[in-house]
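Structural features, examined
Below, each chain spelled out in residue letters.
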Amino acid sequence: MKHFLRFSDLSVEEVQHLFDRTRTLKERFKNYVVYQPLVDRMLAMVFEKSSTRTRVSFEAGIYQMGGSSIVLNMGETQLGRGEPIEDVARVVTRMVDLVMIRTYEQSILERFAAHSRVPVINGLTNEYHPCQILADAYTFVEQRGPLKGKVVAWVGDANNMLYTWLEAAPLLGFRLRVATPAGYALDPSRVPANAAGLFEAFTDPMRAVEGAHLVTTDVWTSMGFEAETQKRLEAFKGFCVDRAMMARAAPDALFMHCLPAHRGEEVAADVLEGPQSVVWEEAENRMHVQKALMEYLLLGKVES
């Protein structure tokens, strides 16, 4: 049994397999070809954090693959009344085939997985967002080819997205340039040892995006940090990805954002809606890579 709690849970070969399967599954979807290898399989989705894209992509994805899903909102279950996460894992995973959890602390996810009888997927934690980076990396490959040897520029704070990009860099062979304002920089203790030579840190985003093949960002205030909103708006002045910033990147650079986006804050509206933006393709690809992931976790390497 295999879990997907962090991007580094995958090997290079497994990532390539998932990308190959994503391409196949997406083509079938676009051509209305029915493919349902997960008939009679049940996905439980546990939400402590609110969600749009994660819920829709997993729910639609498991349905397209022939399975079913059940949603467990934390406040509507005994978890909201203090039942230990270990007990929930022992019970729920006797009744379902796969669990996706979207929560705050990575430790909650890991405690659940340690007592689970079925594969567990990280739908987002404060520390990591591996499904999103899997979709982002696939989107680049789909649009431009392999990431190996390319430069990815991150503009924003050191959040769960950035730390997951750092885990992806050694596996996919790209370099990462990180632009963060003072007070929101990477924690050196959380940089994977095998990524140490693959990233550069900047306080000037214009320098970070110079010649980059992909420019990506996120909201300045992630879920759970709303009390810091005003402070962050001040700290992040000059970090909005606008046309002038994109002009410093490679001529064919792509722009990505995991959404939801705040136009005029972390990204200018004309960049989000512009010709270099692939945010809508990126959002759709969450569903397709997650279908490939669920297939792999439940059935192993399927080639058909």
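Residues numbered from 1 in each chain as written. Predicted model: local features only at pLDDT ≥ 70, side-chain atom pairs only at ≥ 80, totals over all residues. Heavy atoms only, no water.

Describing the UniProt feature "binding site: L-ornithine" (unreviewed entry) in the protein chain
In this structure's numbering, the residues bearing the UniProt feature "binding site: L-ornithine" (unreviewed entry) are Asn160, Asp218, Ser222 and Met223. Mapping Asp218 onto the fold places it in the loop between strand S8 (214–217) and helix H8 (229–235). On the basis of relative accessible area, Asp218 is assigned to the buried category, the value being 7%. When sequence neighbours within four positions are dropped, the list of residues in contact with Asp218 reads Trp154, Val155, Asn159, Met161, His257, Cys258 and Glu266. Within the local environment of Asp218, its side chain forms a polar contact with the side chain of Asn159, the two groups lying 3.0 Å apart. (UniProt positions renumbered as here; feature names shortened; annotations may be inferred. Helix = DSSP H or I, 4+ residues; strand = E, 2+ residues; numbered from the N terminus. Buried < 20%, exposed > 50% of the residue type's maximum accessible area, 1.4 Å probe, protein only. Contact = heavy atoms within 4.5 Å. Polar contact = N/O pair within 3.5 Å; in protein donor to acceptor, adjacent residues only side chain to side chain.)

Examining the sheet that holds strand S2 (residues 68–73)
Taken in spatial order, the 4 strands line up as S2-S1-S3-S4 in an open sheet, and their pairing is parallel. Every interior strand has two partners, whereas the edge strands, S2 and strand S4 (120–124), have only one. For this sheet, the mean inter-axis angle between neighbouring strands, taken without regard to orientation, is 20 degrees. Judged from the 4 bridges that link them, strand S3 (residues 98–102) and S4 form a sheet pairing that is parallel. Of the residues in S4, the one forming a bridge with Ile101 is Asn122. Together, S3 and S4 form the strand contacts of helix H4 (residues 106–114), whose direction differs from that of S4 by roughly 165 degrees. (Pairing = 2+ DSSP bridges. Axes fitted to C-alpha atoms, helices over the stretch in contact; angles between N-to-C directions.)

Examining unusual backbone geometry
Backbone torsion omega between Leu259 and Pro260 reads 0 degrees, so that peptide bond is classified as cis. Here Pro260 shows up in the loop between strand S9 (254–257) and helix H10 (269–272). One non-glycine residue, Tyr32, adopts positive backbone phi at about 55 degrees. On the basis of relative accessible area, Tyr32 is assigned to the exposed category, the value being 76%. One non-glycine residue, Leu124, lies in the positive phi region at around 145 degrees. Positionally, Leu124 belongs in strand S4. Judged by its relative accessible area of 7%, Leu124 falls in the buried class.

Notes on the packing of aromatic side chains
Within this structure, the stated rule accounts for 5 aromatic pairs. Ring geometry for Phe236 versus Phe239: centroids 6.0 Å apart, planes at 75 degrees, classification edge-to-face. The two residues Phe236 and Phe239 agree in class, both being buried. Through a chain of ring-to-ring contacts, three or more aromatic side chains come together here, namely Tyr184, Trp220, Phe236 and Phe239. Here the guanidinium or amino end of Arg28 rests over the ring plane of Tyr35, the centre of that ring lying 4.4 Å away. Directly above the ring of Tyr163 sits Arg190, whose terminal nitrogen or CZ lies 3.6 Å from the centroid. (Phe/Tyr/Trp six-rings, centres within 6.5 Å; stacked < 30°, edge-to-face > 60°. Lys NZ or Arg CZ within 6 Å of the ring centre and 35° of its normal.)

Re the packing of helix H3 (residues 85–92) against H4
One can describe the packing of H3 onto H4 by two numbers: an axis separation of 8 Å at closest approach and a directional angle of 45 degrees. On the basis of their axis angle, the class for H3 and H4 is oblique. Judged by the twist between their axes, the crossing of H3 over H4 is right-handed. Between H3, through Ile85, Glu86, Val88 and Ala89, and H4, the contact on the second element is made entirely by Ile108, Arg111 and Phe112. (Parallel < 35°, antiparallel > 145°, perpendicular 65-115°, else oblique. Left-handed = near helix turned anticlockwise from the far one by under 90°.)

Brief notes about the nonpolar core
Formed by 59 residues in total, the largest nonpolar core has its most connected members in Ile121, Trp165, Leu172 and Phe174. Looking at which element gives the most residues to this core, the answer is helix H6 (residues 160–172), with 9 residues. Apart from the residues lying within four places of it in its own chain, the contact partners of Leu172 are Phe7, Val15, Phe19, Ala137, Leu147 and Lys148. Ranked by size, the runner-up nonpolar core spans 28 residues in total, among them Ala179, Trp220, Ala249 and Val267. (Core = buried A, V, L, I, M, F, W, Y, C linked by side-chain atoms within 4.5 Å.)

Topic: the pairing of strand S6 (residues 175–179)
With 4 of 5 residues buried, S6 lies mostly within the body of the structure. Pairing analysis gives 5 bridges linking strand S5 (residues 151–155) to S6, with the strands arranged parallel. Looking at the pairing, Ala153 lines up with Arg177 of S6. Taken together, S5, H6 and S6 form a β-α-β motif whose crossover is right-handed. Pairing of S6 with strand S7 (residues 199–202), which is carried by 4 bridges, proceeds in the parallel orientation. (Right-handed = clockwise from strand over helix to strand, strands pointing away.)

A short note on the pattern of salt bridges
Here the structure, examined in full by the defined rule, presents 17 salt bridges. Residue Glu167 pairs with Arg6 through a salt bridge whose shortest N-O separation is 2.4 Å. Of this pair, Glu167 sits in helix H6 while Arg6 sits in the segment before helix H1 (12–30); the two residues are 161 residues apart in sequence, bridging distant segments of the chain. Judged by relative accessible area, Glu167 falls into the buried class, the value being 5%. A salt bridge links Glu86 to Arg111; the nearest nitrogen and oxygen atoms lie 2.8 Å apart. Of the two residues, Glu86 is situated in helix H3 and Arg111 in helix H4; the sequence distance between them amounts to 25 residues. Classification of Glu86 as buried rests on a relative accessible area of 17%. (Salt bridge = Lys/Arg side-chain N within 4 Å of Asp/Glu carboxyl O.)

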